[in-house]
Amino acid sequence: MKKKGFVDRALTRKRIGVVVGFLTVIFVILTIRLSYIMIVKRQDYEARAEEQWTSEVKIDARRGRILDRNGSELAVSANVYRVDFDLNSIRAYLKDNELTNSQIAPKIAEALNMKEADVLKKLETKLPSGAPAGSATLVRRIEKDQADKVKDLKIHGVIVSPDTKRYYPNNNFAAHLLGSTNIDGQGLTGVELEYNKELSGIPGMRIAELDSKSNDLPYTISKFVPPVEGKDVVLTIDENIQFFAEKAAEKALKDNKAKATSVLVFNPKNGEILAMANKPDFNPNNPFEGADKFTGKTEYDKVQKMWRNRLVNDTFEPGSIFKVITAIAAMQEGVVKPDDTFVCNGGLTFGKRKIKCWKTTGHGKLTFPEIIQNSCNVGFMELGEKIGKDKLYKYIDKYGFGKKSGIDLPGEASGIIKNPKNISATDLATISFGQTNTVNSVQYMSAFNAIANGGTLIQPHIMKEITHKDDSGVEVVDRKFEPTEKAVSDKETTAQLRQYLERVVTAGSAKGTFIEGYHIGGKTGTAQKVNPENGTYEQGKYISSFVGMAPVSDPKITVMITIDEPSNGAYYAGVVTSPVAKSLFTDIFNYLESDFSKENDSAIIRDVIIPEVRGKSIEEAKKILKDSKLDYNIEGNGTTVKSVKPYPGYSVKEGTKVTLYTNGNDNNKEAVIMPDVRGYSKDAASNLLKGLGISAIFEGEGKVTEQNVPSGELINKGTSVKLTLNSDYKD
């Protein structure tokens, strides 16, 4: 008995141990599982629980407006409606009315002209975990009539609420600049993308607590957080100047049967972009429409190409417009003087390669200002050699090439600049006249603006300020664009270069841009396109460009026109861009003078030629000078003008005082100054010279391009000068 009792107790202890061990294992497993649920899965289960006992509906904020500098609306958000599902409330409604999703889906679909399957799918929306969702958005941006039809269904949980639709009042106007938005109102391209955060605002929220039947609890208060409207973005763009740019780009596209055209207009003094136009373009109200007209392997590629802002996103070899940078580098480094001469025989040979000038017969002997005026490649190749690759690279870098300009638009390209370590003698030659390196248009204009404003490189920008209205309706400025600035040249040197650039318009490649009475400086460029696949120049494919500024003495505007692959028989920039530039400048001049009289009355300062008044009575001389918009001083008490200072023929600014002498004798009474008549028509030049007592012999047709007596030279009346006329000029 004792032995058996001992065995039973041992067996019992063993069984208890097994049970305790088993329970311990179970307890450990449960503890681990509970820890996993409480720690690892806490957020997931908390979210599920909250989804079940709350109803949450997001309320989008009204997107801010995009305005031009004068307050004109370029992009606004129109009032429309949206339909959302409070799925918890709908499930309660269905249960109370003994209905199913399949029974209400057709009614909702009919009201909204949607597919029944699409509505049913939204009604049965699940969370990632597989649990029923608490809310879903069915459709957005519907008109009032559809919204009213849904309301009339009176289905509890089907929420109709105000929504906004992005609307561009002027359709294609400034499309690449403004960009567009997606179905959720978020920016896709342009200003809409760049300033999406400021424009979007902050969404609101409605949260209600539910009982076990998914009905709103009567003793709780629904939490409503109102949305905060987006801020307005005021651009530097002037709607009127943008219209001129759009018109010019469209005309250039059609007249030249081009692949694409672009126009930029700047205020060079502060880096503000006044206009930015690309053609062909698209309608931001239907941003995917028209992509089939563009090339691309996929639909996505075609859409991206259609949306691409070529002025910011694309780079190209600039061609002769880059000679402006080579010229300023040479002038700043002191390696060239105005009277330095260059001899062009049509090309230069580097090893086995001969690089030709655009004028293959050669320009002959030219001074430094003349190689700019005539855009002589040989002259600039020699100039590049004088500067040297290291110093030229220093200026290329200093003027911002090879890096982003900082324009506040998405996707800016940096361009490719060759490192001086890898620059051969041939490379130096081609870089000097605009080949080898690549730039983007905004980047180039940033550098060109530095020539125009007296030597300051200013960050280009499109945003002027960001504003909003406070609770009392008062407009508040949240932020103004503060561009970075850097001095890169001195005022005297840039002023001298601007004078040389004026000669390009009066007598050089851009003479088709000349507008009598206005001082425009500019440069044309014709660059052969590079095949991106093999790196070789493509036969017959060019980018023709023009850059200009006015007035030369103190530029208020700068412009750039590019024509990609002109194919209407001509491609030289002097031929295809000049008519476009002349039309654009004319529109801008008329607009500035009429609409901004206080600011721009003196924006365009004209030069006049001092007329011949010697031998005339004082009263007659005063009238002639007044008609020429010149002031005068009278010295002496005589009644007849004996002599004049400065001499007749001298070019001065409007309002300049001319001294009339009425006593004594003028030993040089037959002396006159030879005026600069380059760019004048035959009749205009003839009348001007005849009035000064100078006889003219004309050769050729068109406008005056050369005069055998230099301007500013003191000559006698009766001197015969030879004037060469030309109706064609290529660069």
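Think of each chain on its own: its residues are numbered from 1, step by step along the sequence as written. In keeping with the model being predicted, local features are shown solely for residues with a pLDDT of at least 70 and side-chain atom pairs are shown and tallied solely at 80 or more, while totals for entire chains, interfaces and linings include all residues. To obtain the side-chain values, all non-hydrogen atoms of the structure were included, while hydrogens and water were left out.

Draft legend 1. Inspection of the overall build of the protein chain at higher detail. Working definition: helices are DSSP H or I runs of at least four residues, strands are E runs of at least two. Numbering for both runs from the N terminus. Scanning the protein chain for helices and strands turns up 24 helices and 31 strands. Note that the radius of gyration is over C-alpha atoms, with the globule rule given as 2.2 Å times the number of residues to the power 0.38. Scaling as 2.2 N^0.38, a compact globule of 731 residues should have a C-alpha radius of gyration of about 27 Å, whereas the protein chain reaches 38 Å, well beyond that. Taking the principal axes of the C-alpha coordinates as reference, the protein chain spans close to 160 × 65 × 45 Å. Sorting the 731 residues of the protein chain into buried and exposed places 48% on the buried side. Exposure was quantified through the Shrake-Rupley algorithm and a 1.4 Å probe, taking into account, for residues, occlusion by the shown protein chains and nothing else. In the structure as shown, the protein chain presents an accessible area of about 35,600 Å², 51% of it carried by carbon and sulfur atoms. The averaged location of the 94 negative side-chain charges in the protein chain is 6 Å from the averaged location of its 101 positive side-chain charges. Working definition: with a 1.4 Å probe on protein chains only, accessible area under 20% of the residue-type maximum means buried, over 50% means exposed, and in between means partly exposed. The sign given to each residue is positive for Lys and Arg and negative for Asp and Glu; His and the chain ends receive no count. Where a charge lies is defined by one atom per residue type, namely NZ (Lys), CZ (Arg), CG (Asp) and CD (Glu).

Draft legend 2. Main features of the nonpolar core. Among buried residues, the Ala, Val, Leu, Ile, Met, Phe, Trp, Tyr and Cys ones that are joined through side-chain atoms within 4.5 Å form a nonpolar core. Core analysis: the largest hydrophobic core is formed by 116 residues, its most contacted members being L235, F368, I372, Y399, F401, Y444 and L497. Contact definition: two residues touch when any of their heavy atoms are within 4.5 Å. If sequence neighbours within four positions are ignored, L235 has contacts with I66, L67, D68, R69, L74, L177, L178, V191, I462, M463 and K464. Counting 24 residues, the second largest nonpolar core, distinct from the first, contains V83, Y93, A111 and V158.

Draft legend 3. Spatial organisation of the packing of helix α13 (residues 323-333) against helix α16 (residues 389-398). Running from N to C, α13 and α16 cross one another at 115 degrees; their axes reach a closest spacing of 10 Å. Relative to α16, the element α13 is oriented roughly perpendicular. Seen from above, α13 lies across α16 with right-handed handedness. Between α13 and α16, the residues in contact are T326, A329, Q332 and E333 and K391, L392, K394 and Y395, respectively. Side-chain classes are defined by residue name, with Ala, Val, Leu, Ile, Met, Phe, Trp, Tyr, Cys and Pro counting as nonpolar, Asp, Glu, Lys and Arg as charged, and the others, Gly among them, as polar. Taken together, the residues of the contact of α13 with α16 sort by class into 3 nonpolar, 2 polar and 3 charged. Every angle, taken between N-to-C directions, lies between 0 and 180 degrees, and every axis is a line fitted to C-alpha atoms, over only the stretch in contact when it is a helix. Put simply, angles under 35 degrees are roughly parallel, angles over 145 are roughly antiparallel, angles from 65 to 115 are roughly perpendicular, and the rest are oblique. Left-handed describes a crossing whose near helix is turned anticlockwise from the far helix through less than a right angle; right-handed describes the clockwise counterpart.

Draft legend 4. Highlighting the packing of aromatic side chains. Between 30 and 60 degrees the pair is tilted, below 30 it is stacked and above 60 it is edge-to-face, where a pair is any two Phe, Tyr or Trp rings, Trp via its six-membered ring, whose centres lie within 6.5 Å. All chains considered together, the criterion is met by 13 aromatic pairs. Here F244 and Y591 contribute two aromatic rings whose centre-to-centre distance is 5.9 Å and whose plane-to-plane angle is 75 degrees, an arrangement assigned as edge-to-face. Pair noted here: F244 is in helix α10 (residues 239-255) and Y591 is in helix α21 (residues 578-595), with a separation of 347 residues, a long-range link. A relative accessible area of 7% places Y591 in the buried class. An aromatic cluster is present here, built from F322, F401, Y444 and F448 joined pairwise through their rings.

Draft legend 5. Representation of a nonpolar patch on the surface within the structure. A surface patch of nonpolar side chains, amounting to about 660 Å² of accessible area, comprises V19, F22, L23, V25, I26, I29 and L30. If you trace the backbone, L30 turns up in helix α1 (residues 2-40). Residues qualify for a patch when their relative accessible area is over 30% and they have no salt bridge, like charges being joined within 9 Å and the nonpolar side chains of Val, Leu, Ile, Met, Phe, Trp and Tyr within 5 Å. Criterion for a salt bridge: a side-chain nitrogen of Lys or Arg within 4 Å of a carboxyl oxygen of Asp or Glu.

Draft legend 6. Unusual backbone geometry, seen in detail. P280 follows K279 through a cis peptide bond whose omega is 0 degrees. Note on placement: P280 falls in the loop between β10 (272-279) and α11 (299-307). In the segment running from A550 into P551, the intervening peptide bond is cis, with an omega of -15 degrees. Along the chain, P551 turns up in the loop between β20 (537-550) and β21 (557-564). Backbone geometry at A174 places phi at a positive 55 degrees, although glycine is not the residue there. Mapping A174 onto the fold places it in the loop between β5 (158-167) and α7 (175-178). Judged by relative accessible area, which is 3%, A174 ranks as buried. Positive phi outside glycine occurs at T436, with the angle close to 80 degrees.

Draft legend 7. Structural context of the pattern of salt bridges. A full pass over the atoms with the stated rule returns 36 salt bridges. Across the pair K269 and D554 runs a salt bridge, and its minimum N-O distance is 2.6 Å. With K269 in the loop between β9 (260-267) and β10 and D554 in the loop between β20 and β21, this residue pair connects regions lying 285 residues apart in the sequence. For K269, a relative accessible area of 38% corresponds to the partly exposed category. Residue D554 is classed as partly exposed on the basis of its relative accessible area of 31%.

Draft legend 8. Broad picture of the environment of V704. Mapped onto the elements of the fold, V704 is located in strand β29 (residues 703-707). Sequence separation of V704 and T506 is 198 residues, and the distance between their C-alpha atoms is 8.8 Å. Among residues more than four places away in sequence, those in contact with V704 are T506, V677, R678, G679, Y680, A685, L723, T724 and L725.

Draft legend 9. Quick look at the confidence of the model for the protein chain. The predictor's confidence in any single residue is recorded as pLDDT, a number from 0 to 100. For the protein chain, mean pLDDT is 86; residues scoring 70 or higher make up 91% of the total. Taken together, the stretch residues 217-221 has pLDDT below 50 and engages in 4 contacts with residues farther than four places along the chain or on a different chain. Predicted confidence for residues 594-605 stays below pLDDT 50, and this span has 17 contacts to residues more than four positions away or in other chains.

Draft legend 10. Summary view of the side chain of N437. Among the structural elements, N437 can be located in the loop between α17 (425-432) and α18 (441-452). One polar contact links the side chain of N437 to the main-chain amide nitrogen of K418, over a distance of 2.9 Å. Each residue touching N437, except ones within four places of it in the same chain, is listed here: F316, E317, P318, I396, I416, I417, K418 and I431. Two N or O atoms form a polar contact when they lie within 3.5 Å of each other; inside protein one atom must be a possible hydrogen donor and the other a possible acceptor, and for residues adjacent in sequence the pair counts only when both atoms belong to side chains.

Draft legend 11. Broad picture of the sheet that holds β20. Strand pairing is defined by DSSP finding a minimum of two bridges between the two strands. Read across the open sheet, the 5 strands follow the order β10-β9-β21-β20-β19; overall the sheet is antiparallel. Strands at the two margins of the open sheet, each flanked by one partner only, are β10 and β19 (521-530). Put simply, the sheet's adjacent strands are angled 10 degrees from each other on average, direction ignored. Pairing between β9 and β10: 7 bridges, direction antiparallel. The residue of β10 that forms the bridge with V265 is A275. α18 rests against β9, β10, β20 and β21 of the sheet, and its axis sits at about 145 degrees to β21.

Draft legend 12. Structural detail: the side chain of N256. On the secondary structure map, N256 appears in the loop between α10 and β9. Apart from residues lying up to four places away in sequence, N256 is in contact with I563, P566, S567, N568 and V576.

Draft legend 13. Representation of the packing of α16 against α17 within the structure. Contact geometry for α16 and α17: axes closest at 11 Å, N-to-C directions at 40 degrees. The pairing of α16 with α17 is recorded here as oblique in orientation. You can see that α16 and α17 cross each other, and the crossing is left-handed. Each of K389, L392 and I396 in α16 lies in contact with α17, whose residues at this interface are L428, I431 and S432.

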